[in-house]
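Below, each chain spelled out in residue letters.
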Amino acid sequence: MSKKHVTYSENESKENKMAYNYFKQQFKKERQARREKTDDYFEEQTPADKIFEIEKLNDDFDGIAHKKGKMFVIKNALPGEKVEIKNVKKEEKVIKADIRRIIEPSEDRVSRKCKYADKCGACSLLHCSYSLQTSLKRKHLARKLTMLKGVTVGETVSVKQFGCRNKVHLVFGEENGAITLGFFNETTHKVVDVKRCILHGDWYDETVQIIKDWATENKLSAYKPNAGRGVLRFVVLRKLKNNIMATVVATSKPQGMQELYFALKSLYDNVSLYLSVNTNKTNEVMSGKTEYVSGEKGLFCEMLGVKFILGPQSFFQVNELVAEKAYEKIRNIIKSQKAECVIDAYSGIGITSMLFSPCTKQVISIEINPEAVDNAKTLISLNGIKNVKPLCG
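Nothing here was measured: the structure is a model prediction, and the numbers come from that model.

*Asks:* How would you sum up a nonpolar patch on the surface? Please name residues and give values.
*Replies:* Together, Met 147, Leu 148 and Val 151 make up an exposed nonpolar region whose accessible area comes to about 310 Å². Tracing the backbone through its elements, the reader meets Leu 148 in the loop between helix 3 (130-144) and strand 7 (167-175).

*Asks:* Explain the packing of aromatic side chains residue by residue, including any values.
*Replies:* Under the counting rule described, the total for this entry stands at four aromatic pairs. Considering the side-chain rings of Tyr 261 and Phe 262, the 5.2 Å spacing of their centres and the 70° angle between planes classify their relative orientation as edge-to-face. On the numbers, 5.3 Å between centres and 50° between planes, the contact of Phe 308 with Phe 316 is tilted. Phe 316 carries the same exposure label as Phe 308, and that label is buried. Across from the ring centre of Phe 52, 4.5 Å away, lies the NZ or CZ of Lys 67, which sits over that ring. The ring of Tyr 292 carries Lys 297 above its face, with NZ or CZ at 5.2 Å from the centroid.

*Asks:* How would you explain helix 8 (residues 370-382) if you had to name every residue and give the values?
*Replies:* With 13 residues, helix 8 extends 19 Å between its outermost C-alpha atoms, agreeing within 8% with the 18 Å of an ideal straight helix rising 1.5 Å per residue. By the burial criterion, the buried members of helix 8 are Ala 372, Val 373, Ala 376, Leu 379 and Ile 380. Across the axial projection of helix 8, the buried residues extend over an arc of 120°, all falling on one side. In helix 8, those exposed residues whose orientation departs by more than 90 degrees from the buried face are Pro 370, Glu 371, Thr 378 and Ser 381. Contacts from the buried residues of helix 8 go to strand 15 (306-310), helix 7 (351-356), strand 17 (362-367) and strand 18 (388-392). For helix 8, the capping residue at the N-terminal end is Asn 369, with a side-chain oxygen 2.9 Å from the backbone nitrogen of Glu 371.

*Asks:* Go over the sheet that holds strand 17, please, and point to the residues and values.
*Replies:* The sheet built from three strands is open, its strands ordered 16-17-18 with parallel pairing. Each edge of the open sheet is held by one strand with a lone partner, namely strand 16 (341-345) and strand 18. On average, each strand axis in the sheet is tilted by 20° relative to the strand beside it, whichever way the strands run. Bridge count between strand 17 and strand 18: five bridges; the pairing is parallel. Bridge pairing in strand 18 links Val 363 to Val 388. Sheet contacts for helix 8: strand 17 and strand 18; angle to strand 18, the most-contacted strand, approximately 165°.

What counts, and at which threshold
- Counting restarts for each chain, with residues numbered from 1 along the sequence as it is written.
- Local features in this predicted model are restricted to residues whose pLDDT is 70 or higher, and side-chain atom pairs enter the listing and the counts only when it is 80 or higher, whereas totals over whole chains, interfaces and linings include all residues.
- The side-chain quantities take in all heavy atoms of the structure and omit both hydrogens and water.
- In this scheme, patches are assembled from residues that exceed 30% relative accessible area and form no salt bridge. Like charges are connected within 9 Å, while nonpolar side chains (Val, Leu, Ile, Met, Phe, Trp, Tyr) are connected within 5 Å.
- All accessible areas in this document rest on Shrake-Rupley with a 1.4 Å probe, and a residue is counted as covered only by the protein chains that are shown.
- Here, a salt bridge means any side-chain nitrogen of Lys or Arg that lies within 4 Å of a carboxyl oxygen of Asp or Glu.
- Runs of E in the DSSP output that reach at least two residues are strands. Runs of H or I that reach at least four are helices, and both are numbered from the N terminus.
- The criterion for an aromatic pair is that two Phe, Tyr or Trp rings (for Trp, the six-membered ring) have centres within 6.5 Å, with stacked assigned to planes under 30 degrees apart, edge-to-face to planes over 60 apart and tilted to the rest.
- A simple rule labels every residue: compare its accessible area, found with a 1.4 Å probe on the protein chains alone, to the largest value its type can have, and call it buried under 20%, exposed over 50%, or partly exposed in between.
- We call a charge positioned over a ring when the NZ of a Lys or the CZ of an Arg lies within 6 Å of the ring centre and within 35 degrees of the ring normal.
- Given a helix with a known number of residues, its expected span is that number minus one, times 1.5 Å.
- Directions are taken from the helix axis to each C-beta atom, and the arc is the one they span.
- When checking whether two residues touch, look at their non-hydrogen atoms; a contact exists if any pair is within 4.5 Å.
- Under the rule applied, a polar contact is a pair of N or O atoms within 3.5 Å (in protein, one hydrogen donor and one hydrogen acceptor; residues adjacent in sequence only if both atoms are side-chain atoms).
- Whether two strands pair comes down to DSSP finding at least two bridges between them.
- Axis angles are defined between N-to-C directions and span 0 to 180 degrees, where every axis is a line fitted to C-alpha atoms and, for a helix, only to the segment in contact.

This is the structure we're talking about:
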C-alpha cells in the first residue's frame, strides 16, 4: 500500500507554525512556574544555598530562616538548628520547605513517639522536648496579649504530656474497601487511619477498633465528600472515668446502632449513644439537633465538689486535670480579692459559674444559647446552689 502524503497550503503552514510557537511559549511558562515552586528553583544554586540556620519559630511553630533577602519557612525545624532543605515551594512572600537532613540538631530535639506524626498533622511539636513545648506555648500567648495592659502570663499548667485528653472528633474514610477512622491530613485532607493516639491513651485504641468493627459488620460506607455519597461521616467521643459518650454523625440513620451500644457497653460502665444527621456538604461536624439513641442520656461528672451532666454538644475542657488546676487558681483569686459578685460570660451549662459560687456572694451566669441556660438551671438545682443567677443573652 502506498503512503499518502498530506500537503498544506501556505496559509495553513503559517497557522500551524503560529500554533506551534504558541504552545511552545505556554510550555516554557509552565516549566518556569514549576521551577519556582519546586526543588528546580535551586537547580542553579550551590549545595550551600540549601543549608539554613534556624533563627526562630513562627506562630505555627515552623522554623524561620533568611537567605539572599528571602524568608524561608521550614517545617519541623527548631531554633539553633542547621538543616538542609527539600520540597521547596514559593507561596506569596515566603518560601516553604521541608527538612532533607538535620546537620546540627537542637538539644531540645527528641524522637517522636507517634508513628502518625508526619501524616496526621494534629500535633505540631512532638519533635521537641516537653519543657520547650510548654515554654513556646507560653511565649506565644504572651506575644498575643501584649496589647492588653497589665496582663501577664504565668508558667504553663501541666499534669502529664500523654494520655490526658478526654474528647476526640474522628472522621470516617475508606481504603481498599475497608473502613478507616482517624484525622484529616492537613495537606491532602485525606483520612489518616489512626489506630493509636498517644494524646488520648488506651481508651482511644479500644474504642476506635469497636467502632470500625461495627461499621464493617453492618456493611456501612464512609461518606465521600467529592461524590456526595456514603453514610458515616464523623464520630465524637468523650470519656470521663469509665463512662463514654459517643455521637455518630451520618447522612442518615445507620443500621445496627443498638449493636454499637452493646459493643461499647462491654468496655465501659456507662454509655451514652447519640446520632446527629448531617447532610450539609461542608466539613462541619454536627449540624442541627442530636437524637438520643440508647443508654444514659448524659455523661455524669464531678469536679471540685460540683456535680454536672454533659450532653453531646456541651462544652467541657478536653483535659480535666489541667482544668481543675486552672479553676482552683481562679477560685483562689476570687477569694483573695473578696469579690462580692462574679460575672461568668459565655458560661455554657454553668459549670464554671457553679465552681465559683462558694467563693463569692453572687455569680451572674450569662449564656446566649437558651438550651444551655435551661441545662444550667437544672444543674444549679441539682447541686442545691442558691447564689448563681443564670441569664440568657
